[in-house]
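As a plain string of letters, each chain reads:
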Amino acid sequence: MNIVFLDTETTGLEQGRLVQLAYKKRGDTDILVEYYKPPVQIEFEAMGTHHITEKMVANMPLFENTQTYKKLANMLTSSVLVAHNAPYDIGILKNEGITTGKFICTYKVAYRMYDFPNYKLQSLRYRWGFEIDNAVAHDAAGDVMVLEKAFEYMLADYCKMNNVSEEKAINDFIDISTNPQLLKNLSLGKYRGMTFKEVLEKDRDYLVWMKDKMDNKSEDLTHTLNYHLTQQTSNTDESVPF
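I will try to describe carefully the structure that is included in this document. (Residues numbered from 1 in each chain as written. Predicted model: local features only at pLDDT ≥ 70, side-chain atom pairs only at ≥ 80, totals over all residues. Heavy atoms only, no water.)

Next up on the list: the overall build of the protein chain. Across its full length, the protein chain carries 11 helices and five strands. Along the first, second and third principal axes, the C-alpha set of the protein chain runs to 60 × 45 × 30 Å. Expressed as a percentage of its 242 residues, the buried residues of the protein chain come to 47%. In the structure as shown, the protein chain presents an accessible area of about 13,200 Å², 48% of it carried by carbon and sulfur atoms. When the 27 basic and 34 acidic side-chain charges of the protein chain are each reduced to a single mean position, those positions are 2 Å apart. (Helix = DSSP H or I, 4+ residues; strand = E, 2+ residues; numbered from the N terminus. Buried < 20%, exposed > 50% of the residue type's maximum accessible area, 1.4 Å probe, protein only. Areas by Shrake-Rupley, 256 points an atom, 1.4 Å probe, with all protein chains shown as cover. Lys, Arg positive; Asp, Glu negative; His and termini not counted. Charge placed at Lys NZ, Arg CZ, Asp CG, Glu CD.)

So, in structure tokens, the structure goes:
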């Protein structure tokens, strides 16, 4: 099974376009890293995160005019893309005209496997003690280095915990990443930090309001609200695997 670790740095969150791309095939030693001149302006908020300015990419090619564009477009149709918060990177690639196939989101896998305060890639890096020289946060190449380490760490852990083969674990990771999952705690609003079961018992109407009135809900949030609101409060099982 071909696996490609990938990270993007972009012009911004809304309809973002590429300014930097890094990817590495599993088993290879080299990471491809390139910068691009985007067809839209880089937002200042994005610059404040990745520190790539308009001046830095003024003489770079458009992504669609590079050999990498053609190579990646072909590669990702038959490979498993691995990214942290993969739907975002997949959306960026889609904005650039590249369609992806199977994928693994290391954020969702970590969320399913562990009970941590947060699941940011750099938090996982230091929690698990990865010693990686020159891996700068919010640089595509640096993030790919950490991404690969996080994937391999969770893969080995999952195989050990569940006594399964690597191939089975990878397929499970794909399923976890593709399907909606139950969220553990509310991440916004007046009950932020409480579990959905706690809010259900305290203020069921609030969850009803979220389900019916809240705009731009994620697939995971919609799934979680539907699950809890169809359970009897006394029977809601907090041990359901996430």
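Next up on the list: the packing of helix α5 (residues 106–113) against helix α8 (residues 166–178). The contact between α5 and α8 brings their axes to 9 Å, and the two run at 100°. By the angle between their directions, the pair α5 and α8 is classed as roughly perpendicular. The residues of α8 that touch α5, namely those facing Lys108, Val109, Arg112 and Met113, are Phe173, Ile176 and Ser177. Here the residues of the contact of α5 with α8 are counted per class, giving four nonpolar, one polar and two charged. (Axes fitted to C-alpha atoms, helices over the stretch in contact; angles between N-to-C directions. Parallel < 35°, antiparallel > 145°, perpendicular 65-115°, else oblique. Contact = heavy atoms within 4.5 Å. Nonpolar A, V, L, I, M, F, W, Y, C, P; charged D, E, K, R; others polar.)

Grouped together as the largest cluster of nonpolar side chains are 48 residues, with contacts concentrated most on Ile104, Trp128, Phe151, Met154, Phe173, Leu207 and Met210. Top contributing element to this core by residue count: helix α7 (residues 140–162), with 11 residues. The next biggest cluster of nonpolar side chains, apart from the first, holds 20 residues, and it includes Tyr36, Tyr69, Met75 and Ala86. (Core = buried A, V, L, I, M, F, W, Y, C linked by side-chain atoms within 4.5 Å.)

Oppositely charged side chains are able to pair whenever their charged atoms sit close together. What the rule picks out here adds up to eight salt bridges. Salt-bridge contacts for Arg26 lead to Glu166; the nearest nitrogen and oxygen are separated by 3.0 Å. Here Glu166 lies in helix α8 and Arg26 lies in the loop between β2 (18–25) and β3 (32–35), a separation of 140 residues in the sequence. Here Lys190 makes a salt bridge to Asp203, at a shortest N to O gap of 3.8 Å. Here Asp203 lies in the loop between α9 (196–202) and α10 (204–213) and Lys190 lies in the loop between α8 and α9, a separation of 13 residues in the sequence. Exposure remark for Asp203: the relative accessible area of 18% places this residue in the buried category. Each of Arg26, Glu152 and Glu166 takes part in salt bridges that share partners, so that together they form one network. (Salt bridge = Lys/Arg side-chain N within 4 Å of Asp/Glu carboxyl O.)

Following the criterion strictly, the structure yields 17 aromatic pairs and no others. Their ring planes at 20° and their centres at 6.5 Å tell us that Tyr107 and Tyr111 sit as a pair that is stacked. You can see Tyr107 and its partner Tyr111 sitting in helix α5, four residues apart, about one turn around the helix. On the basis of relative accessibility, which here comes to 32%, the residue Tyr107 falls in the partly exposed class. (Phe/Tyr/Trp six-rings, centres within 6.5 Å; stacked < 30°, edge-to-face > 60°.)

Another aspect to go through is the environment of Val82. Within the secondary structure layout, Val82 lies in strand β4 (residues 80–83). Val82 sits in the buried class, given a relative accessible area of 0%. In this structure the C-alpha to C-alpha distance between Val82 and Glu167, which are 85 residues apart in sequence, comes to 15 Å. Setting aside residues no more than four positions away along its own chain, Val82 makes contact with Ile3, Val4, Phe5, Leu6, Ile104, Thr106, Leu147 and Phe151.

So, on to unusual backbone geometry. Despite not being glycine, Asn85 shows a phi value in the positive range, around 60°. With a phi close to 55°, Asn163 is a non-glycine residue in the positive phi region.

Bringing the pairing of β2 into the picture now. Within β2, seven of the eight residues are buried, leaving the element largely enclosed by the surrounding structure. Where strand β1 (residues 3–10) lies against β2, seven bridges are found, and the strand directions are antiparallel. The residue of β2 that forms the bridge with Leu6 is Tyr23. What sits between the antiparallel neighbours β2 and β3 is a turn of six residues, in which Gly27 has the positive phi angle 100°. (Pairing = 2+ DSSP bridges.)

All right, on to the sheet that holds strand β5 (residues 103–105) then. Within the open sheet, the five strands sit side by side as β3-β2-β1-β4-β5. Their pairing is mixed. Sheet topology places β3 and β5 at the edges, where each strand pairs with a single neighbour. For this sheet, the mean inter-axis angle between neighbouring strands, taken without regard to orientation, is 20°. Pairing of β1 with β4 involves three bridges; the strand directions are parallel. Bridge assignment links Phe5 to a residue of β4, and that residue is Val82. Contacting β1, β2, β3, β4 and β5, α7 crosses the sheet at an angle of about 145° to β1. Taken strand by strand, α8 contacts β1, β4 and β5, and its axis lies near 75° from that of β5.

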